[in-house]
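Summary of the model geometry
One letter stands for each residue in the lines below.
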Amino acid sequence: MEREERSLAPGASEETAVGRRVFAEGHGSVLTDLDGNQYIDFAAGALTQSLGHCHPEVVSALTEQASKLWNVHDSATPRRAELCDLLDRLLPEYLNTYTFLSTGAEVVEAALRVIQAVAPPGRNRIGALRHGFHGKTMGSRMLVHWDIGNQAFAGNSVLGYSPYCYRCPLELEYPSCGVRCASLVRRHISDKPNVSALVFEPVLGAAGVIVPPPGYWEQINDACRDNGVLLVADEVLTGGGRTGTFLASEALGIEPDLVTLSKGMANGFPFGVLAGRESILRSPESATAGSSASTYASNPLGIAAAAATLEVVERENLTERVRTLGAVLEEGLRALHSRYDVLGEVRGLGLLYGLEFVRDPASREPAPDIARAVYTHALDMGLRVSLGGHILRLAPPFTMDRTLIEEGLAILDRSMARAVSDAPALPDRPVTAMGDAAR
Ligand SMILES: Cc1ncc(COP(=O)(O)O)c(C=O)c1O
């Protein structure tokens, strides 16, 4: 690390900067560092390895492809049609047209191009949600309005309230609030005929797994439908089964017109999919020559990794396993919540959880020092989670054994106990209130 630090530009994720580990290998749900220490990986790489590290079927698909063909621009290759068939079966039937790219932000950019291409005249603004995260490229950053270490770039976006009940900006309580945040977004959409699309995370992942209350999405979904506003679900993090359905949108009453997918698609290999309605992605406005091409679009290695990953997800009915294991995780986390005052809120669904650490339950003052201490102690005890500001995120592989989930929960328990007993001695390094979630 000392050697590379002389050469690398700073700006690593908070979890990498704080964790300071050199990971050498990963197999299944367990990582091994250069010193031979092992870690249960509750962060599945970068919330990517749904099948665990180096899943044998993905390794063999990649190895086989690596000895055959790496790049022929976006030409047809044998497994591309197979991947289309898999997506046809896994995604809602009407989302039947795809573009294959490499990263989450690249897919969001592709969606933004489509939105602009099909927007009716005069509709030049794009809706987004507070606390949403969509990537770090210029277009995607236009939709991101909290400090992620880059300067803001609002562009032509307009913002709506996210369903962050624990820190309600309207200072209301669910359910007596009547989901006012959603009515305000709704009003925004119907009063502003200049909005062409709403780009949103169904569950806001980077900001700490913010799960909307019932009624939020139903209202907004209908408002968009009634006003001709495209629903563009950014499921880069939630897609692929992570929340217990292939798309989080399916469980939350959203019928998106376009969906962006990436992290869960190819088990950690760079790959992304823009999926959408045929009427949009085949429209003459959006389907101009070259519009879905790029150097690594439809890359054969990515296609092979994605096809192998999704084959396993489908064959082993892993979305159901996510729900079953998710219930175990949730029960353990609820028990921790009832025992530790500093654990202000536990939120999530499926195998995606956010733990929000606070100074005390009454003030709800964010406690990034405590989150960081829990993260560090957990690493020292053999558990890796994802750290961002005062929030820890958990996203274990879908294939993790129940015993490892339980072991991980026990380590979290011990880490919290140690963090609480050490709390006054911890240094208070400045971080932003929203944190700097590792992406
Ligand atoms: C919802 C969402 N969209 C987009 C992105 C950007 O993806 P990438 O980092 O692959 O560019 C992320 C990354 O975490 C994400 O969570």
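Everything numeric in this text was worked out from a predicted model, so none of it was measured. (Residues numbered from 1 in each chain as written. Predicted model: local features only at pLDDT ≥ 70, side-chain atom pairs only at ≥ 80, totals over all residues. Heavy atoms only, no water.)

With respect to the overall build of the chain
- Across its full length, the chain carries 15 helices and 15 strands.
- Computed over the C-alpha atoms, the radius of gyration of the chain is 21 Å, within 12% of the 22 Å expected from 2.2 N^0.38 for a compact globule of 439 residues.
- Its C-alpha atoms give the chain principal-axis dimensions of about 65 × 55 × 45 Å.
- Taking all 439 residues of the chain together, the buried fraction comes to 54%. (Helix = DSSP H or I, 4+ residues; strand = E, 2+ residues; numbered from the N terminus. Rg over C-alpha atoms; globule rule 2.2 N^0.38 Å. Buried < 20%, exposed > 50% of the residue type's maximum accessible area, 1.4 Å probe, protein only.)

Some thoughts on the packing of helix H5 (residues 78-90) against helix H12 (residues 300-315)
- Interhelical geometry of H5 versus H12 gives an angle of 35° and a closest axis separation of 9 Å. Between H5 and H12 the crossing geometry is left-handed. Listed contacts from H12 to Arg79, Arg80, Glu82, Leu83, Leu86, Leu87, Arg89 and Leu90 of H5 are Ile303, Ala304, Ala306, Ala307, Ala308, Leu310, Glu311 and Glu314.
- In terms of residue class, the contact of H5 with H12 is made up of 10 nonpolar, no polar and 6 charged. (Axes fitted to C-alpha atoms, helices over the stretch in contact; angles between N-to-C directions. Left-handed = near helix turned anticlockwise from the far one by under 90°. Contact = heavy atoms within 4.5 Å. Nonpolar A, V, L, I, M, F, W, Y, C, P; charged D, E, K, R; others polar.)

Some details on the pattern of salt bridges
- In this structure the tally under the stated criterion is 23 salt bridges.
- For the salt bridge of Arg384 with Glu15, the shortest nitrogen-to-oxygen distance reads 3.6 Å. In this pair, Arg384 sits in strand E13 (residues 383-384) while Glu15 sits in helix H2 (residues 14-19), placing the two residues 369 residues apart along the sequence.
- Under the relative-accessibility criterion, Glu15 is labelled buried at 9%.
- Here Asp41 ties to Arg384 by a salt bridge, and the two come within 3.0 Å at their closest N and O atoms. Here the residue Asp41 occupies a position in strand E3 (residues 38-41), and Arg384 occupies one in strand E13, the gap between them amounting to 343 residues. In this pair, the class of Asp41 matches that of Arg384, namely buried. (Salt bridge = Lys/Arg side-chain N within 4 Å of Asp/Glu carboxyl O.)

Regarding the site of the ligand
- Taken together, 12 residues lie near the ligand, and Gly104, Ala105, Glu201, Asp234 and Lys263 sit nearest.
- At 2.7 Å, a side-chain N or O of Asp234 approaches a nitrogen atom of the ligand.
- Contacts to the ligand include Lys263, whose side-chain N or O atom sits 3.3 Å from an oxygen atom. (Near = heavy atom within 4 Å. Polar contact = N/O pair within 3.5 Å; in protein donor to acceptor, adjacent residues only side chain to side chain.)

Some points on the domain arrangement of the chain
- Domain annotation for the chain reports domain 1 (2-18 + 28-41 + 331-397) and domain 2 (59-315).
- Taking only C-alpha atoms, the centre of domain 1 and the centre of domain 2 are 26 Å apart.
- Each partner contributes residues to the interface: domain 1 has 21 residues there, and domain 2 has 16 residues.
- In terms of surface lost to domain 2, no three residues of domain 1 exceed Leu349, Leu352 and Arg364, which account for 40% of the buried area on that side.
- Between domain 1 and domain 2 we count 1 salt bridge in total. (Domains from an automatic or database assignment. Buried area = accessible area lost by both parts, 1.4 Å probe.)

Description of the packing of helix H13 (residues 318-339) against helix H15 (residues 402-422)
- At their nearest, the axes of H13 and H15 sit 10 Å apart, and the two run at 15° to each other. When the interaxial angle is binned, H13 and H15 end up roughly parallel. In the crossing of H13 with H15, the sense of the turn from one axis to the other is right-handed. Each of Leu325, Val328, Leu329, Gly332, Leu333, Leu336 and Arg339 in H13 lies in contact with H15, whose residues at this interface are Arg402, Ile405, Glu406, Leu409, Leu412, Asp413 and Met416.
- Across the contact of H13 with H15, the residue classes tally to 9 nonpolar, 1 polar and 4 charged. (Parallel < 35°, antiparallel > 145°, perpendicular 65-115°, else oblique.)

Regarding the environment of Pro256
- Within the fold, Pro256 resides in the loop between helix H10 (248-252) and strand E9 (258-261).
- Overall, the relative accessible area of 1% leaves Pro256 in the buried class.
- Taking the C-alpha atoms as reference points, Pro256 and Gly276, 20 residues apart in sequence, are found 8.1 Å from one another.
- Apart from residues no more than four positions distant in its own chain, Pro256 is found in contact with Tyr94, Leu95, Leu231, Ala233, Ser249 and Arg277.

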